[in-house]
Amino acid sequence: MIKKYLAKTYLYILLTILYAPIAIIIIFSFTNSKSIGEWKGFSFDLYASLFSGEAQHASTLSSAITNTLFIALIAATISMFLGSLAAVGIYNTKNKKIRKSIQFVNNIPMINPDIITGISLFLLFVSLGISGGYISVIIAHIVFCTPYVVLSVTPRLSRMNPNIYEAALDLGATPFQAFKKVIIPEIKPGMLSGFILAFTLSIDDFAVTLFTKGSDGLETLSTYIYADARKGGLTPELRALASIIFLTVLILLIFINHRANKLKSNNP
Amino acid sequence: MTISKLVMKRSTWAVPYVLFLVIFVVLPLILIAVYALRGNDGGFTLQNFAKFATQSESINTFIYSISIAILTTALCILIGYPAAYILANSELSTGRTMVVLFILPMWINILMRSLATVALFDFMHLHLGEGALVFGLVYDFLPFMIYPIYNTIQKIDKSYIEASQDLGANKKEVFKRIILPLSVPGIVSGIMMVFLPTISTFAISEILTLNTKRLFGSIIQDNMMLSDKMNYGAALSLIMLIIIAITSVLSNNEDDDLNEGGLI
């Protein structure tokens, strides 16, 4: 009994420390002060100016937000299709050596620290004479997102009856039709969780974007925050934005978790 | 074989991705080595590595980064293992919500979390510097240690524990001889997920120490951004790649054992 109490206390202390910084940011998002720790009375001013576009560097901040979402959406969508096709292909590769080598290369972007992925792609684009911009950033994001799609689709394939696809072909379906009507419905949950994973990874990314964005002023939220922090002060509106992002992630995770539990109880 | 027959074979569906991997993963990594072995005149040289070995600033930063990374990883194991153990232990059952709460910070932008740490230190009127750096790194990477350990402990076959208890093992012995050895793969992947990113961070250390302490990642970034020092930056990246390769080969051995066991 005492042990259980001690164990719980340990967890609660850890959680308090883990969440204290986030809590401070949320609390100080409700006061219009220049820096954290200085309370100027409760207000929604920061949220208001974040949305009305009256913030200090409003246009760059709002374009950074749009860029982040745009890049994440495109990169995650392409990763989802590329990765799902690849997962089917890798799963059906009978030659063990070839399959292992593809899986090995697929693991590289997941093991490599962001800075290495970023630098290696930076060197590639420099060598090819491609100047950084949306395209290079999106390609870079596909590089580190797709492996996770492959990983989340593969378990679905192993649970699937391998003969259904053959049956569809025997009944006259083209491979494309068979993919659309037979394979996709089976692997859909894996594709969806791969997409969500890719989307959050892309939004979260900083180092890879920094090296591939080029010098034409393309900023995502992460690079904007970095530039802002380097200048010394943090745009106060970012506290409001961070609070919104935190709550969104919280709700999204609870939703995914709820879905996962439901799926588990449906097929035990 | 005609094209349509090739498309019918599902193994060919991986071809687009394989091409993508070759161009955007393998080729770029080779380019790092190419640039690292090239002098400013374009010829082959080992000068970039000689520069690293003789320049005290980069060597010192390198050693400093590795020590900070080891310290961070050790602290993450010390703090994270008990947490993962409690979370995975059904007797102390804490429920899934608790697990989600521990993993949640993983999904928040690392810069944002570092800024939050700065906010906490400011709020408590503490100085930024080495202490803040270690606190911030542990804070940033702790979930990445807890999650894999939690996963492996949770997957341990309960019958092993019961069997050892039937054979007369007490709780301490069960932990020492069953749970701890079987959770080693989790610790190994935790180390991979904490140690490697820690040596390569650059932005976090700048934010948390007000640019007074530099890690290896910062040096790489500084050199990479200047076109006349790009080759030197590539050499430093190659050194980091070698460390990654060594670390992952060491940990892969463990994983392979696990996979083979899992197949049976």
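The structure contained in this document is the topic of the report that follows. Quick caveat, the model's predicted, so the values are computed rather than measured.

## Observations regarding the overall build of chain A
Each helix and strand in chain A was counted, giving 11 helices and 0 strands. Along its sequence from the N terminus, chain A presents helices and strands in the succession α-α-α-α-α-α-α-α-α-α-α. Across its three principal directions, the C-alpha atoms of chain A cover 70 × 65 × 35 Å. Every one of the 268 residues in chain A was classed for burial, and the buried ones make up 49%. In chain A, 71% of the contacts between residues at least 6 apart in sequence involve partners at least 24 apart. Total accessible area computed for chain A in this model is approximately 13,300 Å², and 67% of it derives from carbon and sulfur atoms. Averaged over its 22 positive side-chain charges, chain A has a centre that lies 15 Å from the centre of its 13 negative ones.

## A word on the nonpolar core
L123 and I183 of chain A together with F102 and F202 of chain B are the most contacted members of the largest nonpolar core, which has 164 residues in total. Sorting elements by how many residues they give to this core places helix α7 (residues 130–155) of chain B first, with 14 residues. Once residues lying within four places of it in the same chain are set aside, the contact partners of I183 of chain A are V88, L157, M160, Y165 and A178 of chain A together with R10 and W13 of chain B.

## Section: the pattern of salt bridges
It is possible for side chains bearing opposite charge to pair when their charged atoms get close. With the rule as written, the count across this model stands at 3 salt bridges over all chains. In this structure, E166 of chain A and R10 of chain B form a salt bridge, with 2.7 Å as the shortest nitrogen-oxygen distance. With E166 of chain A in helix α7 (residues 163–170) and R10 of chain B in the loop between α1 (3–8) and α2 (15–36), this residue pair bridges two chains. Taking relative accessible area as the criterion, E166 of chain A reaches 38% and is therefore assigned partly exposed. D222 of chain B is the salt-bridge partner of R214 of chain B, the closest N and O atoms lying 2.4 Å from each other. Given a relative accessible area of 23%, R214 of chain B falls into the partly exposed group. Judged by relative accessible area, D222 of chain B falls into the partly exposed class, the value being 33%.

## Structural notes on the interface of chain B and chain A
On the side of chain A, 82 residues touch chain B, which itself brings 73 residues to the contact. With both chains or domains summed, chain B and chain A bury close to 7,100 Å², and 80% of this area falls on carbon and sulfur atoms. Where chain B touches chain A, the interface holds 1 salt bridge. The leading source of residues in the side of chain B that touches chain A is α2 of chain B, at 15 residues. Partitioned by chemical class, the residues of the side of chain B that touches chain A number 58 nonpolar, 10 polar and 5 charged.

## Let's talk about the packing of helix α4 (residues 56–88) of chain B against α7 of chain B
All names here are of chain B. Where α4 contacts α7, the axes come no closer than 6 Å and their chain directions differ by 45 degrees. Here α4 lies oblique to α7, going by the angle between them. Crossing geometry of α4 relative to α7 is assigned as right-handed. Looking at the contact of α4 with α7 residue by residue, the classes come out as 24 nonpolar, 4 polar and 1 charged.

## Description of a nonpolar patch on the surface
Residues and elements named next belong to chain A. On the surface, a cluster of nonpolar side chains totalling about 560 Å² of accessible area is made up of F70, L73, I74, I78, Y134 and I135. Those elements that provide at least two residues to the nonpolar patch are α3 (58–91) and α6 (134–158). A total of 4 residues in the nonpolar patch trace back to one element, the largest contributor, which is α3. The residue I74 is located in helix α3 in this model.

So, how was this worked out
Residues numbered from 1 in each chain as written. Chains lettered and ligands numbered in written order. Predicted model: local features only at pLDDT ≥ 70, side-chain atom pairs only at ≥ 80, totals over all residues. Heavy atoms only, no water. Helix = DSSP H or I, 4+ residues; strand = E, 2+ residues; numbered from the N terminus. Buried < 20%, exposed > 50% of the residue type's maximum accessible area, 1.4 Å probe, protein only. Contact = heavy atoms within 4.5 Å. Areas by Shrake-Rupley, 256 points an atom, 1.4 Å probe, with all protein chains shown as cover. Lys, Arg positive; Asp, Glu negative; His and termini not counted. Charge placed at Lys NZ, Arg CZ, Asp CG, Glu CD. Core = buried A, V, L, I, M, F, W, Y, C linked by side-chain atoms within 4.5 Å. Salt bridge = Lys/Arg side-chain N within 4 Å of Asp/Glu carboxyl O. Buried area = accessible area lost by both parts, 1.4 Å probe. Nonpolar A, V, L, I, M, F, W, Y, C, P; charged D, E, K, R; others polar. Axes fitted to C-alpha atoms, helices over the stretch in contact; angles between N-to-C directions. Parallel < 35°, antiparallel > 145°, perpendicular 65-115°, else oblique. Left-handed = near helix turned anticlockwise from the far one by under 90°. Patch = residues over 30% accessible without salt bridge, like charges linked within 9 Å, V, L, I, M, F, W, Y side chains within 5 Å.

As far as function goes, none of this settles anything; it's purely spatial.
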